Amino acid sequence: MKTAVLIPCYNEELSIEKVIKDFKKELPEADIYVYDNNSKDKTVEIAKSAGAIVRHEYNQGKGNVVRRMFREVDADIYVMVDGDDTYPADEVHKLIEPVVNRRSGYGNWG
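The present account deals with the structure reproduced in this document. The shown structure was predicted, so the numbers you read here are calculated from the model rather than taken from an experiment.

**Some points on the sheet that holds strand 1 (residues 3-9)**
Taken in spatial order, the 4 strands make up an open sheet running 3-2-1-4, and their pairing is parallel. Unpaired on one side and paired on the other, strand 3 (53-56) and strand 4 (77-80) mark the two borders of the sheet. Strand-to-strand twist across the sheet, computed as the mean angle between neighbouring axes with direction ignored, equals 25°. In terms of strand pairing, strand 2 (residues 31-36) meets strand 3 through 4 bridges, oriented parallel. Bridge pairing in strand 3 links Y33 to I53.

**Some words on the environment of I96**
Topologically, I96 is positioned in helix 4 (residues 92-100). Taking the C-alpha atoms as reference points, I96 and Y35, 61 residues apart in sequence, are found 21 Å from one another. Contact partners of I96, with chain neighbours within four places excluded, come to L27, I77 and V79.

Each value, and the rule that gives it
Residues numbered from 1 in each chain as written. Predicted model: local features only at pLDDT ≥ 70, side-chain atom pairs only at ≥ 80, totals over all residues. Heavy atoms only, no water. Pairing = 2+ DSSP bridges. Helix = DSSP H or I, 4+ residues; strand = E, 2+ residues; numbered from the N terminus. Axes fitted to C-alpha atoms, helices over the stretch in contact; angles between N-to-C directions. Contact = heavy atoms within 4.5 Å.

What is shown is where atoms sit, not what they do.
Have a look at this one:
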């Protein structure tokens, strides 16, 4: 299953490297995308150096970024997190486990 970690960003230079590294550690097979929304700091440079795929949304606003991410990225599993290190990467396996194992609370998907 192809997994994509989607990170919308606006001026996240203080935390974006940690977020990328943490998710690379937990999901080494995943593609990690940083969608920059006109940051004025070094978010883009730091994200690139940390190994993320960096793309841009020039229309300001998180809604615009989210629409672009889901329009452009093809994956079986999507994990969207903020670039400010709000969500602990070590919890991601619990989050995606039902999808990986094709389970839901409403019976078997298979």
